[in-house]
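Results of the structural survey
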Amino acid sequence: MSKKVKLGAPEEIFDLPGNKECADCTAYGPNWASWNLGILICETCAGMHRNLGTHISKVKSTTMDKWNEEQAVPCRNIGNFMSNSFYEYNLPPKTKYVTSVKSSGGDKIDTGEARKLERWIRAKYEAKKYSQPGVDPPHVRLARGESLREAPKEEKPVEEKSASKKDKEKKEKTDKGDKSPSKKDGKEKKEKVSKKEKKDLDREVTPAPAVKEVKRSRKEKKEKKSQELESSFAELETWAMTSSKEKKSRKKKKKDEAGERHTSDMA
Ligand SMILES: [Zn+2]
């Protein structure tokens with residue numbers, strides 16, 4: 001009973017960057033706090049924060065209320081500047097509400113302005129409309145034990161691991177280089193081609209008539225063409241398209257030639 005209770009927030013929180021003005025309407029000298037969000041706000045904005053519900057914002061006077069350590073920690077570690085860096089990260093120009101009221105304890109705003117202010121605060125904290133994407137709010141990160149002085153965790157691990165990870169990736173890439181799919185395919189195809197060549201040669205050991213000779217040279221030409229293909233896989237499709245036309249006309253020509261020769265041989 002005799003325990004003396006000190007009223008008001010810890011002194012040091014007033015010196016944090018951005019804490020000279022209300023976090024939400026820029027009114028000077030805020031004397032309320034949303035202690036879970038770790039920010040200082042004016043009396044009017046404190047009313048709006050109450051409307052958000054305690055699951056979003058827990059409001060406390062920095063002068064008249066009792067403060068315990070749990071409440072002081074977010075306010076010591078976050079502050080208006082850091083909080084707004086997150087909640088106003090994607091803020092379009094002229095979107096931030098700026099009060100016409102100079103001092104936070106002074107004049108009240110009219111109902112039209114109040115509605116505007118409430119819309120702004122709900123968009124900012126309830127809908128998180130302007131927040132940094134992919135990053136948790138400062139008070140959530142703080143509760144997780146993260147240091148808020150460092151960049152949000154999202155980007156950190158990449159930097160930390162970058163040296164070893166990059167090396168690994170590089171190694172993997174160079175390892176892969178020799179057996180990259182296209183090259184592997186090329187090898188296999190080449191093997192197939194040489195097998196085919198062998199087959200053709202075997203088959204053609206037996207003396208062939210003139211017509212077969214022509215056919216063979218045609219086949220060789222084809223083979224040559226397909227080997228050329230191996231060297232330029234990227235051009236495969238365009239070649240196939242254009243060559244099919246060529247082949248057709250060539251085939252016709254060859255057929256005619258063969259026919260001619262055949263008849264001349266016969267004669
Ligand atoms: Zn305010």
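These figures come from a predicted structure and were not determined experimentally. (Residues numbered from 1 in each chain as written. Predicted model: local features only at pLDDT ≥ 70, side-chain atom pairs only at ≥ 80, totals over all residues.)

Attention now goes to the overall build of the protein chain. Scanning the protein chain for helices and strands turns up nine helices and three strands. Each helix and strand of the protein chain, placed in order from N terminus to C terminus, yields the pattern β-β-α-β-α-α-α-α-α-α-α-α. For the protein chain, buried positions account for 18% of its 267 residues. For the protein chain, contacts bridging at least 24 residues in sequence account for 69% of all contacts bridging at least 6. (Helix = DSSP H or I, 4+ residues; strand = E, 2+ residues; numbered from the N terminus. Buried ≥ 20, exposed ≤ 12 C-beta atoms within 10 Å, placed from the backbone. Contact = placed C-beta atoms within 7 Å.)

Right, let's get into helix H1 (residues 43–52). Listed in full, the buried residues belonging to H1 are Thr44, Cys45, Ala46, Met48 and His49. In the core, the buried residues of H1 are packed alongside strand E1 (32–34), strand E2 (39–41), strand E3 (59–61) and helix H4 (111–126). Gly53 occupies a position one or two residues after H1 and carries a positive phi of about 95°.

Moving on: the nonpolar core. If you look at the biggest cluster of nonpolar residues, it comprises 27 residues, and the most contacted ones within it are Cys22, Ala33, Ile39, Ile41, Cys42 and Cys45. Among all residues touching Ile41, those that are not within four sequence positions of it are Cys22, Ala23, Asp24, Pro30, Trp32, Ala33, Ser34, Ala46 and His49. (Core = buried A, V, L, I, M, F, W, Y, C linked by C-beta atoms within 7 Å.)

A packed helix pair is summarised by two numbers, namely the angle formed by the two axes and the spacing between the axes. The geometry of H1 relative to H4 is characterised by a closest axis approach of 10 Å and an angle of 55° between their N-to-C directions. Classed by the angle they form, the pair H1 and H4 counts as oblique. With respect to the hand of their crossing, H1 and H4 are arranged in right-handed fashion. Residues Thr44, Cys45, Met48, His49, Asn51 and Leu52 of H1 form the contact with H4, whose participating residues are Leu117, Glu118, Ile121, Arg122, Tyr125 and Glu126. (Axes fitted to C-alpha atoms, helices over the stretch in contact; angles between N-to-C directions. Parallel < 35°, antiparallel > 145°, perpendicular 65-115°, else oblique. Left-handed = near helix turned anticlockwise from the far one by under 90°.)

Our next topic: the sheet that holds E2. The three strands lie next to each other as E2-E1-E3, forming an open sheet whose pairing is antiparallel. On the outer flanks of this sheet lie E2 and E3, each paired with one strand and no other. Shown here is a sheet whose adjacent strand axes are inclined to one another by a mean of 35°, direction ignored. Note: E1 against E3, three bridges, orientation antiparallel. Of the residues in E3, the one forming a bridge with Ala33 is Lys60. (Pairing = 2+ DSSP bridges.)

What follows deals with unusual backbone geometry. The residue Lys94 is not glycine, and still its phi comes out positive at about 65°. Structurally, Lys94 can be placed in the loop between helix H3 (79–87) and H4. When the 6 C-beta atoms within 10 Å are taken as the criterion, Lys94 is described as exposed. Although it is not a glycine, Lys128 sits at a positive phi angle of roughly 50°. Inspection of the secondary structure puts Lys128 in the loop between H4 and helix H5 (138–143).

This next bit is on the confidence of the model for the protein chain. Predicted confidence across the protein chain gives a mean pLDDT of 72, with 52% of residues reaching 70 or more. Across residues 155–209 the pLDDT falls below 50, and counting only partners more than four positions away or on other chains, this stretch makes 16 contacts in the model. Counted against residues more than four places away or in other chains, residues 260–267, with its pLDDT under 50, gives five contacts. (pLDDT = per-residue confidence, 0-100.)

In this section: the environment of Tyr87. Looking at the secondary structure, you find Tyr87 in helix H3. Under the C-beta neighbour-count criterion, Tyr87 is labelled buried, with 23 such atoms within 10 Å. Considering only alpha carbons, one finds Tyr87 and Lys124, 37 residues apart in sequence, at a separation of 6.2 Å. With residues near it in sequence (within four places) discarded, Tyr87 still touches Lys124, Tyr125, Tyr130 and Ser131.

Tracing the backbone through its elements, the reader meets Trp35 in the loop between E1 and E2. As a C-alpha pair, Trp35 and Ser57 span 22 residues in sequence and 7.7 Å in three-dimensional space. Residues within four places of Trp35 in sequence aside, it is in contact with Lys58, Lys60, Gln71, Pro74 and Cys75.

Its location among the elements puts His139 in helix H5. Considering only alpha carbons, one finds His139 and Ile78, 61 residues apart in sequence, at a separation of 7.3 Å. With residues near it in sequence (within four places) discarded, His139 still touches Asn36, Leu37, Gly38, Pro74 and Ile78.

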